[in-house]
Amino acid sequence: MKVKSIRGFHDILPENIKRWHLIEDAAKYIFELYGFSEIRIPVLEFTDVFARSLGTTTDIVEKEMYTFTDRDGSSLTLRPEGTAGVVRAYIEDSMHAKSSISKLYYTGMMFRHERPQKGRFRGFYQIGAELIGPEEPASDAELVAMLWRFFEEIDLTQFLELEISSLGDQNCRPQYKEKLVGYFSPQKNELCEDCQRRLETNPLRILDCKQKRCKEIAADAPSMLDNLCEDCENHFDSVKENLDSVGIPYKINPKIVRGLDYYTRTVFEITTDQLGSQNAVAAGGRYDGLVNELGGPATAAVGFAMGIERIILLQEIALPEGFGKDVNVFIAHLGDEARQAAFTLAFNLRNKGISVETDYATKSLKSQMKRADKLGASYTFIIGEDELKKAVIKVRDMKESSEEDIKLEDIINSSDKFKS
Ligand SMILES: [Zn+2]
Ligand SMILES: [Zn+2]
């Protein structure tokens, strides 16, 4: 019996890794321009960290966490998302004492026991950012602008829409919740089982339900945006003004609820119509109560996370097949002496930053050219007996389908032209 991977877990194979690097490099580049530093946190935390931050009535905590008892009896959980762990680290490492503003980003694997489907895995990767400290609306807007700039950097905004809303705060949300309960209660029996329960525990989540009847009923429910207190309304207006001032396009969607309890005020999603019903590729919002909830000082914060696998699916639509195959040079050689020359030349060119492949064994020119093609080499160098005698290399430009003899020393001296 062959070994195999766990259902819902996947390998990212070398032929796809360039797509991953493109995304990760763009995130690092853009986020660092905005002053964010990477933080690396453990994949395993005490269960409490997630239960307390995500809320015990959320789907993640109720049904999706990988939780087990450690040898000493403590309950541990594989992280289902990144924010709780980052906030735990923020508190434990007293970051608030070092600076009034902490800008952190992370990337790594998350774990949720969900039903696997296209682009949804149980072991999946997220990139996220947390801006902890400021409560001013300019920080929400900066974070959202940064996220949009990231998607511009990887050329995907043509498929995307930015949606924003506000969930209010502890002043106005409780009253709004009561209004919602008042609205849904007379129709309780028509709601799905989950929503009947949500009516008691977390009525906002009904707005988020994917069941047809629940959606129909929710369509006419009162909107949070019509029930914001003055402070929340001013905050939301200012976020919008800031986004307008830098030309970030957005749509207001009062139905954004987010699955997690900890959000306050600004929430946002980046959605696409390219990937079926599961349409969010990035999501986030303000979570002013969380640091305090986990035992730290009362501290404002705003953040987002995005699933890399979903972005990869979009990228596959946007970028041509064969993307990421980019060996600069393949050196084909004919005969033992030429093979030795190819070995030396490959070494010297790599020292100059050119990516080079060549065969270890002496093979037919045909099979070597086949491999050059497969590797997507931009140039193929051919070294045969003739070329060795004349100290030249036959250089084939694979894109132009042109060929010329170039002196070996000229190749080394002007190697930069083979970089693309
Ligand atoms: Zn429902
Ligand atoms: Zn409010």
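Predicted model only: the values in this text are computed from it and were never measured.

Caption draft 1: Structural detail: the overall build of the protein chain. Within the protein chain, the secondary structure is distributed over 16 helices and 16 strands. Across its three principal axes, the protein chain shows a C-alpha extent of roughly 90 × 60 × 45 Å. Considering the protein chain as a whole, with its 420 residues, one finds that 48% of them fall into the buried category. Partitioning the intrachain contacts of the protein chain with sequence separation of at least 6 by distance along the chain shows that 70% fall at a separation of at least 24.

Caption draft 2: Geometry of the pattern of salt bridges. Applying the stated criterion across every chain, the model contains 30 salt bridges. Here lysine 28 makes a salt bridge to glutamate 32, at a shortest N to O gap of 3.5 Å. Separated by four residues within a single helix, lysine 28 and glutamate 32 lie in helix 1 (residues 17-33), roughly one turn from each other. Lysine 28 sits in the partly exposed class, given a relative accessible area of 41%. Among the salt bridges present, the one from arginine 371 reaches aspartate 359, with a minimum N-O distance of 2.8 Å. Taken together, the residues span a long stretch of sequence, with arginine 371 in helix 14 (residues 365-374) and aspartate 359 in the loop between strand 13 (356-358) and helix 14 at a distance of twelve residues. Connected via shared salt-bridge partners are Arg350, Glu357, Asp359, Lys363 and Arg371.

Caption draft 3: Expanded view of the pairing of strand 15 (residues 392-397). Pairing of strand 14 (residues 379-383) with strand 15, which is carried by four bridges, proceeds in the antiparallel orientation. Each residue of the ladder has a partner; that of threonine 380, found in strand 15, is arginine 396. Two elements, strand 15 and strand 16 (residues 402-407), share six bridges in a ladder whose sense is antiparallel. Across the sheet, the residue bridging to lysine 394 is aspartate 405, located in strand 16. A loop of four residues connects strand 15 with strand 16, the two strands running antiparallel in sequence, and serine 401 in this loop sits at a positive phi of about 55°.

Caption draft 4: The packing of aromatic side chains, seen in detail. The full count for this structure, using the stated rule, is ten aromatic pairs. Relative to tyrosine 66, the ring of phenylalanine 9 has its centre 6.1 Å away and its plane inclined at 75°; by these criteria the two rings are edge-to-face. Here tyrosine 66 lies in strand 3 (residues 66-69) and phenylalanine 9 lies in the segment before helix 1, a separation of 57 residues in the sequence. For the pair phenylalanine 9 and tyrosine 66, a shared accessibility class is recorded, and that class is buried. The interplanar angle of 70° and the centroid separation of 5.8 Å between the aromatic rings of phenylalanine 31 and phenylalanine 304 together place this pair among those described as edge-to-face.

Caption draft 5: Up close: the coordination of the zinc ion (ligand 1). Taken together, the protein ligands of the zinc ion (ligand 1) are Cys192 (SG), Cys195 (SG), Cys209 (SG) and Cys214 (SG), with distances of 2.2 to 2.3 Å. Viewed at the metal, the four donor atoms of the zinc ion (ligand 1) are separated by angles of 106 to 114°, and the geometry they form is tetrahedral. Sequence spacing among the residues donating to the zinc ion (ligand 1) works out to C-x2-C-x13-C-x4-C. Cysteine 195 carries the same exposure label as cysteine 192, and that label is buried.

Caption draft 6: Quick look at helix 9 (residues 212-219). Looking only at helix 9, the buried set comprises Cys214, Ile217 and Ala218. The buried residues of helix 9 occupy an angular sector of 100° when projected down its axis, which confines them to one face. Along helix 9, exposed side chains directed more than 90 degrees from the buried face belong to Lys212 and Lys215. Elements in contact with the buried residues of helix 9: helix 7 (173-184) and helix 8 (193-201).

Caption draft 7: Local environment of the nonpolar core. Grouped together as the largest cluster of nonpolar side chains are 96 residues, with contacts concentrated most on Phe31, Phe150, Phe151, Phe184 and Met306. With nine residues, helix 6 (residues 137-153) is the single largest residue contributor to this core. The contacts of phenylalanine 184, once residues within four sequence positions are left out, are Leu191, Leu199, Ile206, Leu207, Ile217, Ala218 and Ala221. Counting 17 residues, the second-largest nonpolar core is a separate cluster that includes Ala342, Ala346, Ile354 and Phe418.

Caption draft 8: How the structure looks around the coordination of the zinc ion (ligand 2). Donor atoms from the polypeptide that coordinate the zinc ion (ligand 2) comprise Asp169 (OD), Cys172 (SG), Cys229 (SG) and Cys232 (SG), at 2.2 Å from the metal. Because the angles between the four donor atoms bound to the zinc ion (ligand 2) fall within 94 to 121°, the donor set is best described as tetrahedral. Mapping the donors of the zinc ion (ligand 2) onto the primary sequence gives the spacing D-x2-C-x56-C-x2-C. An identical accessibility class is assigned to cysteine 229 and cysteine 232; each is buried.

Caption draft 9: Representation of the domain arrangement of the protein chain within the structure. Along its sequence, the protein chain is organised into domain 1 (14-172 + 228-318) and domain 2 (329-418). Each of domain 1 and domain 2 was reduced to a C-alpha centroid, and the two centroids are 47 Å apart.

Cut-offs used in this document
- Residues numbered from 1 in each chain as written.
- Chains lettered and ligands numbered in written order.
- Predicted model: local features only at pLDDT ≥ 70, side-chain atom pairs only at ≥ 80, totals over all residues.
- Heavy atoms only, no water.
- Helix = DSSP H or I, 4+ residues; strand = E, 2+ residues; numbered from the N terminus.
- Buried < 20%, exposed > 50% of the residue type's maximum accessible area, 1.4 Å probe, protein only.
- Contact = heavy atoms within 4.5 Å.
- Salt bridge = Lys/Arg side-chain N within 4 Å of Asp/Glu carboxyl O.
- Pairing = 2+ DSSP bridges.
- Phe/Tyr/Trp six-rings, centres within 6.5 Å; stacked < 30°, edge-to-face > 60°.
- Donors = N, O, S within 2.8 Å, 3.2 Å for Na, K, Ca; no water.
- Tetrahedral: all angles 85-135°; square planar, octahedral: opposite > 155°, others 65-115°.
- Arc of directions from axis to C-beta.
- Core = buried A, V, L, I, M, F, W, Y, C linked by side-chain atoms within 4.5 Å.
- Domains from an automatic or database assignment.

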